[in-house]
Amino acid sequence: MAWKYRTGAPWRDVPDRFGKWNSIYKRFNRWAEDGTWERLLAEVQKQADAAGKIDWVVSIDSTIARVHQHGATLARDTGGSAESQESVVRAA
């Protein structure tokens, strides 16, 4: 599992020396469903925090995603009255 996430490779490309890719995926998925990964992360964070190795400063990305130029003029539901929506559709 670590190799897969370190490399970013698809599950099917996991080297045979680690076992069958499908078995590894099934184990990963089972651990995700039963909360193993959350418990592991919480424990690692707890130990790192106790050792003073975590800076809990949060950075928020303020990237803006703009609509494509051809999508900017499409009619859209703005929650207005049905009459105004009909006129927008007729105008388009």
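Note that this is a predicted model, so its numbers are computed, not measured.

So, how was this worked out
Residues numbered from 1 in each chain as written. Predicted model: local features only at pLDDT ≥ 70, side-chain atom pairs only at ≥ 80, totals over all residues. Heavy atoms only, no water. Core = buried A, V, L, I, M, F, W, Y, C linked by side-chain atoms within 4.5 Å. Buried < 20%, exposed > 50% of the residue type's maximum accessible area, 1.4 Å probe, protein only. Contact = heavy atoms within 4.5 Å. Axes fitted to C-alpha atoms, helices over the stretch in contact; angles between N-to-C directions. Helix = DSSP H or I, 4+ residues; strand = E, 2+ residues; numbered from the N terminus. Parallel < 35°, antiparallel > 145°, perpendicular 65-115°, else oblique. Nonpolar A, V, L, I, M, F, W, Y, C, P; charged D, E, K, R; others polar.

*Asks:* Would you mind going over the nonpolar core in detail, with residue names and values included?
*Replies:* Core analysis: the largest hydrophobic core is formed by six residues, namely Trp3, Ala9, Trp11, Val14, Ile24 and Phe28. Contact partners of alanine 9, with chain neighbours within four places excluded, come to Trp3 and Lys4.

*Asks:* Before we move on, can you summarise the packing of helix 2 (residues 21–34) against helix 3 (residues 36–50) with the specific residues and values?
*Replies:* The contact between helix 2 and helix 3 brings their axes to 5 Å, and the two run at 75 degrees. Between helix 2 and helix 3, the interaxial angle falls into the category roughly perpendicular. Packed against helix 2, whose contacting residues are Phe28, Trp31, Ala32 and Asp34, the element helix 3 presents Thr36, Trp37, Glu38 and Arg39 at the interface. Across the contact of helix 2 with helix 3, the residue classes tally to four nonpolar, one polar and three charged.

*Asks:* Give a description of the environment of isoleucine 24 that names residues and reports values.
*Replies:* If you trace the backbone, isoleucine 24 turns up in helix 2. With a relative accessible area of 7%, isoleucine 24 lands in the buried category. For isoleucine 24 and valine 14, which are 10 residues apart along the polypeptide, the C-alpha to C-alpha distance reads 8.8 Å. Beyond its immediate chain neighbours, meaning those up to four positions away, isoleucine 24 contacts Met1, Trp11, Val14, Phe18 and Gly19.

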